[in-house]
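Working through the structure, step by step
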2 protein chains.
Amino acid sequence: LFVCICVCVWVVGLGLQLRLNSLKPMRRYSMYGRYTQELGVYAKEEAARLRESGQRRSVSRTLDLLEYDKGRCAKCRICTVRCQKFLISRVGEDWIFLILLGLLMALVSWVMDFCIAICLQAQKWMYGGLDSNVFLQYLAWVTYPVVLITFSAGFTQILAPQAVGSGIPEMKTILRGVVLKEYLTFKTFVAKVIGLTCALGSGMPLGKEGPFVHIASLCAALLSKFMSLFGGIYENESRNIEMLAAACAVGVGCCFAAPIGGVLFSIEVTSTFFAVRNYWRGFFAATFSAFIFRVLAVWNRDEETITALFKTSFRLDFPFDLQELPAFAVIGIANGFGGALFVYLNRLIVQFMRKQKAINRFLMKKRLLYPALVTLLISTLTFPPGFGQFMAGKLTQKESLVTLLDNRTWAKQGIAEEFDYIGHSEAWKHPQVNVFVTLVLFIVMKFWMSALATTIPVPCGAFMPVFVIGAAFGRLVGESMAAWFPDGIHTDGTIYPIVPGGYAVVGAAALSGAVTHTVSTAVIVFELTGQISHILPVMIAVILANAVAQSLQPSLYDSIIRIKKLPYLPELGWGHHEKYNIRVEDIMVRDVRYITLNCSYRDLHNVLLTGHLKTLALVESTESMILLGSIERAQLQALLSLQLGRPRRLAYIRERAVEDKKRLSVVSNDSSENSSHRASQEVRFQVRGHSGQRCKKCFQPFKAHYFQSHRKKCLQNVTAEFCMSSKITEWEEKQLDEQVNFNNCKIDPAPFQLVERTSLHKTHTIFSLLGLDHAFVTSIGRLIGVVSLKELRKAIEGSVTVKGAKVRPPLASFRDSGTSSSENEATELHKLWDRHKSMPLPREHTPSESDEKSQ
Amino acid sequence: LFVCICVCVWVVGLGLQLRLNSLKPMRRYSMYGRYTQELGVYAKEEAARLRESGQRRSVSRTLDLLEYDKGRCAKCRICTVRCQKFLISRVGEDWIFLILLGLLMALVSWVMDFCIAICLQAQKWMYGGLDSNVFLQYLAWVTYPVVLITFSAGFTQILAPQAVGSGIPEMKTILRGVVLKEYLTFKTFVAKVIGLTCALGSGMPLGKEGPFVHIASLCAALLSKFMSLFGGIYENESRNIEMLAAACAVGVGCCFAAPIGGVLFSIEVTSTFFAVRNYWRGFFAATFSAFIFRVLAVWNRDEETITALFKTSFRLDFPFDLQELPAFAVIGIANGFGGALFVYLNRLIVQFMRKQKAINRFLMKKRLLYPALVTLLISTLTFPPGFGQFMAGKLTQKESLVTLLDNRTWAKQGIAEEFDYIGHSEAWKHPQVNVFVTLVLFIVMKFWMSALATTIPVPCGAFMPVFVIGAAFGRLVGESMAAWFPDGIHTDGTIYPIVPGGYAVVGAAALSGAVTHTVSTAVIVFELTGQISHILPVMIAVILANAVAQSLQPSLYDSIIRIKKLPYLPELGWGHHEKYNIRVEDIMVRDVRYITLNCSYRDLHNVLLTGHLKTLALVESTESMILLGSIERAQLQALLSLQLGRPRRLAYIRERAVEDKKRLSVVSNDSSENSSHRASQEVRFQVRGHSGQRCKKCFQPFKAHYFQSHRKKCLQNVTAEFCMSSKITEWEEKQLDEQVNFNNCKIDPAPFQLVERTSLHKTHTIFSLLGLDHAFVTSIGRLIGVVSLKELRKAIEGSVTVKGAKVRPPLASFRDSGTSSSENEATELHKLWDRHKSMPLPREHTPSESDEKSQ
């Protein structure tokens, strides 16, 4: 263990090197539309802040030193302080963050696995202890998961309903740049971890990969929040999004101890465009995490050394014969159909539950009934002495997988000695029933059970159940092959019997690949089993499965995104050339909220109340509408609260007080009137707040300031209050009429602009490449509209239905008249020109003059 | 074999499914700045063309049918024709292309391997046959590679000098969007294939991975050219670039039979931003290619079944002990330094050869001398009876690798029986010298030899030699560990001896990762050896090696890009915050070539002669400078040649002729005057052509037309010629003065625009994300400048020198005065506003009015 700690320290020490190529260049990817201010400015401020805090720290340090100098080991202390300083200055480094994240996730993963194992053991123990009475046994078998799942559902529901489900769709949306704040809170983290542990501990066919991606992202978000206490670099939003991308890789990596597969899977599942320079972060964090995860297992004496999670031991010299490849291809194709069916079934169940209003109303009332019922059904069917005996019901998911990947053959091999089912494999044997029947039953039952179970509102994924089903299907084909060719297919003398375990590996990769639409399940499979000898069959099967599944259904995650109606930009349909005929001007919102350079605070106030975009356009004037830049909403709120805020208010009051003292010595008014006035004030604010719901929060500091100063006044001078408050209102009105001073405001001088004739296709590409959430549309510098993700989504979805059928895009009719022909483009340009001519242009146009000049 | 063909057919048949999700959505990535016209228009034209050709084909088909109907098996023929028609309609599918590419590359790879093996065998045979005389043996040993390398260098030099080197840097540049046409020609393909075969056949420490990437890309480009005979879809440039990306993956994939590693390696090496949807193409093609490549080996009876290229057989149950990890980490770190040193050494040699003018001049004269000398030196040193005996000189690269990855231990293990060096391993044993000394000598000698050999101007890569050196270093560490802990480190009873082969695997991955700055060498190693049991050590070592190497040196490919001065956009430096203070307005070219909407053909002509950008800006007028769109240079050339082209010219001449006939019956002039006039015409054109060198070509059709018509006239009516030609010049001048009709011209109505205040940082990101090669800079709709890759590169390189030292960016001084503070931004905006105020704006600005409106 010492040596292993040694390595950790080394890794940490050499991670220092990593910072050089990691810290800064990464930050620029996926920045647009999200970054809060110019990074240059940001960096300077950051430097200033660090300097300042450094000074502060050094002051406190010298104090410390003075105190300690009298002590004995002063040198030692100085050294410690220096180390501490060094450490704090390093806290902002990427690799520190990644290592902490990896460590944390490995621990979480390991602890969760441990708890889940205990839960499962407890169930087995209860079931085993009650073997005298079948009914009691049944009760124990059924009650235990029902209680756990119900608890999990209830707990999640109460603490954070966002924790329900896999979380990959949400992460995909967040990484796309849409802010789903409530999905990355501490509450969600707790709900997800505890909910998932209980859900998996119940033994239902649920997975942990998806939730782990979410948990890792939660970890990253929380860690980043925590680290921001030390250094400001953690407040950079774009950096955090990159860290989330790395966290997704960590999630898969430490769940399966599969760093490479984890990175690839997370890229395939969550990204559209991927910055290659971001690649190493995922690798670094995932490798570290997987390493710690497996080291913990060694440390706990579960394993002798670091090995794969589901280690297989197929023969190396002759893994498979070339002539077995058609069978592998069959597995791939069949699993492609199976994967599509799974996604369809899953969606069907969710939609059925939603559409059936009677059921729905009933279930909404008793939210925990649905999980309990589903669990009851599934656990009843798997009850080992009951139907479960025909489908290896008593095995947990992990045990099933281990037995399925076994390198021995189950079916009888000619006259050779009968295979003795040892260990868990025993569960697959039934005295009356053939092993093929057991396998078929297992596949069919588990298939619908998994599709059903993943609709339960608990934190759960579908990857693992699908993986097991795939393995079972592969095993079935493998066993059939083994029964068909008892001596193997190879004809050149040596007998190489067929290895059904290899088929199971292929099947697992193919089905999970088909459901998630990824190719990287192949890599995950290699890392899970620790053997790569079946690489070509696995790759062929995965590619075939993907080809079939992708042409039939969306991936499970995309399906959930559509069901949950998450704000995700859909892909452009295939071969919809009509798309190119929609232009930005057709879909943009023409009623843009903007502020002018010489607007008053009242305008600002109104705009903030009515708009909803994160950034507002700054135009030169209402007439010219020339776009000068964009300002963050928060900046404007700050401006407003600065103008109406406490310091100015207090200054005003003090000023007034001095003036008034001379004139006033009036009796105090009755407090009832005072309070009623306050109430009316409050109502006024609430009404305002209501009309622009999202703005409510932003006015809180303003309100708070108002009432704080109010309260102070109460204490100071109750008598002057009534007079004061009316004057304050007056003052407020006056303040609101003042012209805004943009000097203290960060303005982005180059917001993203599109011209009105940009095609939908181009807009889509730009939005997805740059991760924009809105762009201004300008026509010769004039702001004429704004396009946000919403409009874009509508425009795209208007023409692509879920099932891929073609529907005419809403605006194609305007375009089809012939715009796309080149002649008309020129004609339109001429029209445009004429339009400009008729408008008062900056300088009057004289063709002859221009001709001369251009010569 | 039948079954395997079966699978092929299946794969093909099911690839049909793939087309659905492959064909169209891919095409939109990396389109900007390169696409020739709106895709919508393109698609329509394409459809029209297909329809037309379809009709033509059906006509010929009916003819065929009529002919064949009289024959016996008419039905059969009809069926064939139908199949043919179906196949032709499918030719445009992506998957067909990918399969063809994979097949072709697998064949090329296999044939090349075969030839190389024969070459190497021939050398061995010669060397073995002459063992009676050491001098003769030496002659044979040395002459053979010298002849091969000299032939390879000469052949490449004569046929296509572009084929020299690895080709990955060039592919990186091409995939970035820069057109390097001469790198993708058939000549280059032939030169590369034959040159590489000879170079590798010589036994020099050269690799084939890099050239294979280039060869695959060449294959893709040529195949795409060939396929464009069938369907127009292959003329789409952006599609071809995507295919090139897939081809890079195929190159690595079929070189090492490593599809996953190939895809990842090619992504890491060639891309900056990667479209995830493009991912499956690489996987599909690389898998197919690797499959065929290995099937060919089985078919050739080299292998019994499909296995890894350098199959290892380490024990599975206990691959390594946790306490061995520090040794793996040491390998990683040391290889990181080694990798950086290799890149440095390689660059040093190239730069030394260039700087030494005397040597340089001499070598330039005798181009083949340098390769010959280097080869002589290296082969002399490896001569087995000479120095070669101390460094296993008689082994080829492949044999060395096989022996290094052997799972037996070479060093004596305590009292255990001495290891008997069998097969090739024998070469590592020397009666007087310890195996450690042999290994150290091997590493040191091969290190500089490889660095030197890769500078020879033949097609060659450095991956394989580096891989072997890494493996040797790993072996060295492994053997040391084995000697140090003869009974293994594990303390729990069972003895697990250390496996030095595992260390060799780790070392190979780490060194090659360090040199290329990639993590995916880990995956390549797993696929090459067929074992993944060492995943964690490999990952740790690769990450550490990358961390060290990346902080010291650029990758080998980036180094070559810099040496060759390829037009590649460099990465922004790390932590150069000054960058953010450079704005587009500082770097843009203000003297933009543009055309106005009402310009004359003469203007067009002048602009075409002076400009060099691929697209030209179309502005409304010289005064307003309002950007309306952009037009391709080719389009304008077409316009011009249409106006002055043959049909109009002939029409004019005919018209004139009719007129003139009545008046003219003059004697023919002397031909000398006529020819002198022609010469003067020619001179005039050449002078024009000279002033705008690049335009020379574009005027060829114009000139050709002119002289064609000229010649025709000569034949028709020599008498009228003099009069005619002067009139033609007159006519020409008149034509040039006409206003351009843009109706037949494709105009991109939404070219990419930046505002002048966009930061360098943002510009860089947009350029690299969208793959632009230029962008127009506008200020409130007015075109004020243009930024191309060149300017951007200059601006970035002005502040980052090759060695990473910081130099102040050229324009930072203007900015440092305080622009970056937020206050100044607002001030500047006010200035901007004032400036606009002073200019005649579209509508006169009245502050009070705007205030009212915005309320």
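Named according to an unreviewed UniProt entry, chain A is Chloride voltage-gated channel 2 originating from Sander lucioperca. Taken directly from UniProt, the Subcellular location (unreviewed entry) text for chain A runs: "Membrane".

Right, let's talk about the overall build of chain A for a bit. What chain A contains, in helices and strands, is 33 helices and eight strands. Counting every position in chain A, which comprises 855 residues, the buried fraction comes to 61%. Contacts in chain A between residues at least 24 apart in sequence constitute 77% of all its contacts with a sequence separation of at least 6. Summed over all atoms, the accessible surface of chain A reaches about 34,400 Å², with 60% contributed by carbon and sulfur.

We now examine helix α19 (residues 521-529) of chain A. Within α19(A), nine of the nine residues are buried, which leaves it mostly tucked inside the rest of the structure. Looking at α19(A), one finds that the buried residues are T521(A), A522(A), V523(A), I524(A), V525(A), F526(A), E527(A), L528(A) and T529(A).

Looking now at the pattern of salt bridges. Enumeration over the complete set of coordinates arrives at 14 salt bridges over all chains. Across the pair R593(A) and D591(A) runs a salt bridge, and its minimum N-O distance is 3.4 Å. A salt bridge links D113(B) to K208(B), with the shortest nitrogen-to-oxygen separation between them at 2.4 Å. Of this pair, D113(B) sits in helix α4 (residues 94-129) while K208(B) sits in the loop between α7 (186-201) and α8 (209-227); the two residues are 95 residues apart in sequence, bridging distant segments of the chain. Classification of D113(B) as partly exposed rests on a relative accessible area of 21%. Classification of K208(B) as buried rests on a relative accessible area of 11%.

A separate point is the packing of aromatic side chains. All names here are of chain A. Summed over the entire model, instances satisfying the criterion amount to 38 aromatic pairs over all chains. Each ring, one from Y279 and one from F283, has its centre 4.9 Å from the other, and the planes form 75 degrees; the classification is edge-to-face. Residue Y279 and its partner F283 are located together in helix α11 (residues 279-299), separated by four residues, close to a single helical turn. On the basis of relative accessible area, Y279 is assigned to the buried category, the value being 4%. F283 sits in the buried class, given a relative accessible area of 1%. Here the aromatic rings of F463 and F467 are separated by 5.8 Å at their centres, their planes lie at 25 degrees, and the arrangement is stacked. One end of the pair, F463, and the other, F467, are both in helix α17 (residues 463-484), four residues apart, so they sit about a helical turn from each other.

With that out of the way, let us pick up the sheet that holds strand β8 (residues 782-788) of chain B. All names here are of chain B. The strand order across the open sheet built from three strands is β6-β7-β8, with neighbouring strands paired in mixed fashion. With one partner strand each, in any of the chains shown, β6 (753-755) and β8 form the two edges of the open sheet. Taken pair by pair, the neighbouring strands of this sheet meet at an average axis angle of 35 degrees, ignoring direction. Summarising the sheet, β6 and strand β7 (residues 774-779) pair through three bridges and their orientation is parallel. By the bridge assignment for β7, Q753 is matched with F776. Set on the sheet, helix α29 (residues 760-770) makes contact with β6, β7 and β8; between it and β6 the angle comes to about 170 degrees.

This brings us to helix α14 (residues 369-382) of chain B. Helix length check: α14(B), at 14 residues, gives a terminal C-alpha distance of 20 Å against a target of 20 Å (1.5 Å per residue), a fit within 8%. Residues Y370(B), P371(B), A372(B), V374(B), T375(B), I378(B), S379(B) and T382(B) constitute the buried set of α14(B).

Residue and element names in this part refer to chain A. Taken together, the side chains of F135, L136 and L139 present a nonpolar region at the surface, about 290 Å² in accessible area. With respect to the helices and strands, F135 occurs in helix α5 (residues 134-159). Residue classification places F135 among the exposed residues on the basis of a relative accessible area of 55%.

Residues and elements named next belong to chain A. Within the fold, R294 resides in helix α11. Among the residues examined, R294 registers a relative accessible area of 5% and is labelled buried. The sequence separation of R294 and F256 amounts to 38 residues, and the corresponding C-alpha distance is 9.8 Å. With near-sequence residues (within four places) excluded, R294 lies in contact with A257, E303, I306, T307, A308 and L309.

What follows concerns the packing of helix α16 (residues 435-453) of chain A against α17(A). Residues and elements named next belong to chain A. Running from N to C, α16 and α17 cross one another at 160 degrees; their axes reach a closest spacing of 10 Å. As far as their axial angle goes, α17 and α16 are roughly antiparallel. Handedness of the crossing formed by α16 with α17: left-handed. Contacts between α16 and α17 involve F436, L439, V440, F442, I443, K446, F447 and S450 from the first element and P465, V468, I469, A472, F473, R475, L476, E479, S480 and A483 from the second.

The next subject is the environment of E399(A). All names here are of chain A. Relative to the helices and strands, E399 resides in helix α15 (residues 397-404). Judged by its relative accessible area of 16%, E399 is buried. The spatial distance from the C-alpha of E399 to the C-alpha of K357 is 40 Å, given a sequence separation of 42 residues.

This brings us to the pairing of strand β3 (residues 615-619) of chain A. Residue and element names in this part refer to chain A. Within β3, five of the five residues are buried, leaving the element largely enclosed by the surrounding structure. Strand direction decides the pairing type here: β3 and strand β4 (residues 627-632), joined by five bridges, are antiparallel. In the strand pairing of β4, A617 is matched with S630.

The next thing to look at is the environment of M588(B). Residue and element names in this part refer to chain B. With respect to the secondary-structure elements, M588 resides in the loop between α22 (584-587) and β2 (594-596). Taking relative accessible area as the criterion, M588 reaches 7% and is therefore assigned buried. Between the C-alpha atom of M588 and that of E756, which follows or precedes it by 168 residues, the distance is 8.6 Å. For M588, the contacting residues outside a window of four places in its chain are V777, I784, G785, V786 and V787.

Before going further, it helps to examine the sheet that holds strand β5 (residues 747-748) of chain B. Within a sheet, adjacent strands bond to each other through the backbone by hydrogen bonds, running parallel or antiparallel. Residue and element names in this part refer to chain B. A sheet is described by the order of its strands in space; here four strands give the open sequence β2-β3-β4-β5, paired in mixed fashion. Both edges of this open sheet fall to β2 and β5, since each of them pairs with a single strand only. Lying over the sheet, helix α24 (residues 633-644) contacts β2, β3 (615-619) and β4 (627-632), oriented at roughly 80 degrees with respect to β4.

A few words now on the pairing of β8(B). Residues and elements named next belong to chain B. Counting buried positions along β8 gives six out of seven residues, so the element sits mostly inside the fold. Note that β7 and β8 share six bridges and pair antiparallel. Counterpart to T778 in the pairing with β8 is L783.

Next up on the list: the packing of helix α4 (residues 94-129) of chain A against α5(A). Residue and element names in this part refer to chain A. Packing of α4 against α5 leaves a shortest axis separation of 9 Å and a crossing angle of 160 degrees. Considered as vectors, α4 and α5 are oriented roughly antiparallel to each other. Crossing handedness for the pair α4 and α5: right-handed. For the pair formed by α4 and α5, the contact residues are C119, A122, Q123, M126 and Y127 on the first element and Q137, A140, W141, Y144 and P145 on the second.

Here the focus is the confidence of the model for chain A. Residue and element names in this part refer to chain A. In the predicted model, chain A carries a mean pLDDT of 74, and the fraction of residues at 70 or more is 71%. Ranking the elements of chain A by mean pLDDT puts helix α31 (residues 812-816) last with 29 and helix α18 (residues 500-516) first with 93. Here residues 799-855 is modelled with pLDDT under 50, and outside its nearest four sequence neighbours on either side it reaches 97 contacts, counting other chains as well. Scored as a complex, the prediction yields pTM 0.73 and ipTM 0.72.

The rules behind the values
Residue numbering note: each chain is counted from 1, following its sequence as written. Here the convention is simple: chains get letters from A, ligands get numbers from 1, in the order in which they are written. The predicted origin of the model limits local features to residues at a pLDDT of at least 70 and limits the giving and counting of side-chain atom pairs to 80 or more, whereas totals for whole chains, interfaces and linings rest on all residues. The basis for every side-chain value is the complete set of non-hydrogen atoms in the structure, without hydrogens or water. UniProt positions are given in the numbering used here, feature names are shortened, and annotations may be inferred rather than shown by experiment. Only runs of H or I of at least four residues qualify as helices and only runs of E of at least two qualify as strands under DSSP, and these elements are numbered from the N terminus. Burial classification: accessible surface area is computed with a 1.4 Å probe over protein chains only, and a residue below 20% of its type maximum counts as buried, one above 50% as exposed, and the rest as partly exposed. Any two residues whose heavy atoms approach within 4.5 Å are treated as being in contact. Each accessible area is a Shrake-Rupley estimate made with a 1.4 Å probe; only the visible protein chains count as cover when residues are assessed. By definition here, a salt bridge exists when the distance from a side-chain nitrogen of Lys or Arg to a carboxyl oxygen of Asp or Glu is within 4 Å. Here the aromatic set is Phe, Tyr and Trp, taking the six-membered ring for Trp, and pairing holds for ring centres within 6.5 Å; pairs whose planes are under 30 degrees apart are stacked, those over 60 apart are edge-to-face, and all others are tilted. For two strands to be treated as a pair, DSSP must find no fewer than two bridges joining them. Note on geometry: axes are lines fitted to C-alpha atoms, helical ones only across the stretch in contact, with angles between N-to-C directions running from 0 to 180 degrees. Here, expected helix span is obtained from the residue count minus one, scaled by 1.5 Å. Surface patches are drawn from residues lacking salt bridges whose relative accessible area is over 30%; two like charges belong together within 9 Å, two nonpolar side chains (Val, Leu, Ile, Met, Phe, Trp, Tyr) within 5 Å. The labels follow the angle: roughly parallel below 35 degrees, roughly antiparallel above 145, roughly perpendicular from 65 to 115, and oblique for the rest. With the far helix as reference, a near helix turned anticlockwise by less than a right angle produces a left-handed crossing, and one turned clockwise produces a right-handed crossing. As a per-residue measure, pLDDT tells how confident the predictor is, with possible values from 0 to 100.

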